[in-house]
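Each chain, letter by letter, is given below.
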Amino acid sequence: MSEDSFDAIIIGAGVIGGALALELADRGYRTLSVDKGPTAGSGSTINSCAIVRFSYSSVAGINLAWEGMHYWKDWAGYIAADDELGLIDYHMTGQLVLQQAGDTTHAARVKMLWDQIGIPHEVWDTETIRQRCPYIDPGLFGPPTRPSDDAFWAEPSGVVECGYFTPDAGYVSDPQLSCHNLQRGAEARGAAFWFNAEVVSIDRDRGRVSGVSLADGRTAQAPVVVNVAGPHSYLINQMAGVYDSMNIKTKALRHEVHHVPSPDGVDFDRNGITVADDDLGIYFRPEVGNHILIGSGDPVCDPREFVDPEVYDRSLQPEQYEAQVLRAGRRLPGLGIPHERKGIVDLYDVSDDWIPIYDRTDLDGFYVAIGTSGNQYKNAGSAGQMMADLIEAVEAGHDHDRDPLVVQGRYSGVDLDVGFFSRNRQIDPHSSMSVHG
Ligand SMILES: Cc1cc2nc3c(=O)[nH]c(=O)nc-3n(C[C@H](O)[C@H](O)[C@H](O)COP(=O)(O)OP(=O)(O)OC[C@H]3O[C@@H](n4cnc5c(N)ncnc54)[C@H](O)[C@@H]3O)c2cc1C
């Protein structure tokens, strides 16, 4: 085999691409990961909130997340290699999903599915929420509005019905380091990584994929190429000529996450948990230095800004900062609005129904792990296994389009229903059409 010839080429060295490289290398594939960035995890993963939770709208989504969590718990065993930068820590804070009244909410559906699947959780009434999280006001403030709306400032209309707490949930505080860990793990198993290596064409030979060409003139050959390019995924699909043949499309959505100090007297580092709060249209988690990281639950009152992933405004917008921080301030009394705005701007690779696409394509040998819709960091390990199982099966002749693959997660044994993530599915009517998936 020549130096530029491989068994599989993976476009993207983010958390999903890195996990796939490790998985395939572990199975004996000679893999090449190419990334136009300078290091592993320098794409959208670097700014991920990296929350690990199981609050999805489907059995398949929950199973993938439940299985994915086990990788974070067993990180050192999974990576099984040295990293000179050290390994990430998994902060198992637990997650509280707040339930407004009514059985048509996302939270109610999640609870119903957790019962069905057997995901460990506790039901906290408002008194328990107050005892366990004295920094939380369980008032009902929704539905979410903008601070420019008078309704935003109204007194609470009651209290939330309850909260659903999953003790195994948590977060990773350094998502870029997790990609470096995956790179070192993959390299220890023989994988190659090329950085500052921008793919400009997907090459074909006799009707199937044959490799990639790079902007600097280099080429690499392989019978398998996987698009794991995050928010650039649709551009890679266009290069491969498969964009039009997929029923579900992806595009890049601009998103902001804000970092603020904890309210005075609250040790959020030690006592904070991650919270999903559809009543206010936010989620939040502890961040190092007794800070709180506040993300958006994509409420319908907020503008959605789809952008060209190469050209978009990377500065925090004062109105969005104010909206998210003020919303969090209603749930966390005493939370101030710092004059100096801190946070990040990055992109979700959003699919039409906010559910990822893990699939083959109509071009033989060309696969996609895309459309991660702001919610797949947690699933890197389980998605890596699922994609490797898919590639092995299809390359061995399995007709996945006619007979969709279901595989078992190696840690928990749950079914990983690959067909659910098909490129040709109809839009899932149960999707929250938001980061909740
Ligand atoms: C603000 C934010 C918050 C989030 N919070 C959470 C969360 O709390 N929990 C959760 O589970 N998920 C979360 N997510 C989602 C999660 O981070 C992503 O699903 C995940 O990081 C995607 O990883 P990836 O490897 O697919 O993509 P990326 O990390 O984007 O990697 C893609 C790589 O492809 C490379 N690339 C692109 N085009 C080319 C090309 N032409 N040639 C070569 N390389 C190319 C890029 O340089 C990049 O490094 C969040 C995402 C964002 C943006």
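Source: prediction; values computed, not measured. Every chain's residues receive numbers from 1 upward, in the order its sequence appears when written. The model is predicted, so local features are restricted to residues of pLDDT at least 70 and side-chain atom pairs to those at 80 or more, both for listing and for counting; the totals for chains, interfaces and linings are taken over all residues.

### What about the overall build of the chain?
By definition, any uninterrupted DSSP run of H or I lasting at least four residues is a helix, any uninterrupted run of E lasting at least two residues is a strand, and each is numbered from the N terminus. Of regular secondary structure, the chain possesses ten helices and 23 strands. Radius of gyration means the value over C-alpha atoms here, while the globule rule gives 2.2 Å times the residue count to the 0.38 power. By the compact-globule yardstick of 22 Å for 437 residues, the chain fits well, its C-alpha radius of gyration being 21 Å. With respect to the three principal axes, the spread of C-alpha positions in the chain is 65 × 45 × 40 Å. The buried share among the 437 residues of the chain stands at 54%. We call a residue exposed when 12 or fewer other C-beta atoms sit within 10 Å of its C-beta, buried when the count reaches 20 or more, and partly exposed for counts in between; the C-beta positions come from the backbone.

### A closer look at the environment of Phe-152
Turning to its location among the elements, Phe-152 is positioned in the loop between helix 5 (126–132) and strand 7 (162–166). Judged by the 17 C-beta atoms lying within 10 Å of it, Phe-152 is partly exposed. Note: C-alpha distance between Phe-152 and Asn-247 (95 residues apart in sequence) is 39 Å. With C-beta atoms placed from the backbone, a contact is any residue pair whose C-beta atoms sit within 7 Å. Leaving out residues up to four positions away in the same chain, Phe-152 has contacts with Thr-145, Arg-146 and Pro-147.

### Here's the deal with the domain arrangement of the chain
Bring the parts together and some accessible area is lost; that lost area is often taken as the interface size. Residue ranges for the domains originate in an automatic or database domain assignment. Assigned domains within the chain: domain 1 (8–87 + 174–249 + 353–421) and domain 2 (92–170 + 251–351). Taken over C-alpha atoms, the centre of domain 1 sits 28 Å from the centre of domain 2. Each partner contributes to the interface: domain 1 provides 31 residues, whereas domain 2 provides 30 residues. Of all elements in the fold, only strand 3 (51–52), helix 2 (59–73) and helix 7 (233–240) reach the threshold of two or more residues within the side of domain 1 that touches domain 2. Top element by residues in the side of domain 1 that touches domain 2 is helix 2. It accounts for five residues. Its residues assigned to classes, the side of domain 1 that touches domain 2 comprises 16 nonpolar, twelve polar and three charged. In this count, Pro and Cys sit with the nonpolar residues alongside Ala, Val, Leu, Ile, Met, Phe, Trp and Tyr, while Asp, Glu, Lys and Arg are called charged and the others, Gly among them, polar.

### What to know about the sheet that holds strand 3
An order of 3-8-4 is seen for the three strands of this open sheet, with the pairing classed as antiparallel. Two strands close off the open sheet at either side, each with one partner strand: strand 3 and strand 4 (90–91). When DSSP locates at least two bridges between a pair of strands, those strands are taken to pair. One ladder, built from two bridges, connects strand 3 with strand 8 (residues 170–172); its direction is antiparallel. By the bridge assignment, Ile-51 is partnered in strand 8 with Tyr-171.

### Digging into unusual backbone geometry
Note the cis peptide between Gly-142 and Pro-143, where omega equals 0°. Summarising the element assignment, Pro-143 is placed in the loop between helix 5 and strand 7. The phi torsion at Ala-50 lies on the positive side, around 55°, for a residue other than glycine. Mapping Ala-50 onto the fold places it in the loop between strand 2 (31–34) and strand 3. Judged by the 24 C-beta atoms lying within 10 Å of it, Ala-50 falls in the buried class. Phi angles above zero are rare outside glycine, and Ala-80 is one such case at about 50°. The topology assignment puts Ala-80 in the loop between helix 3 (75–79) and strand 4. With 14 C-beta atoms packed within 10 Å, Ala-80 lands in the partly exposed category.

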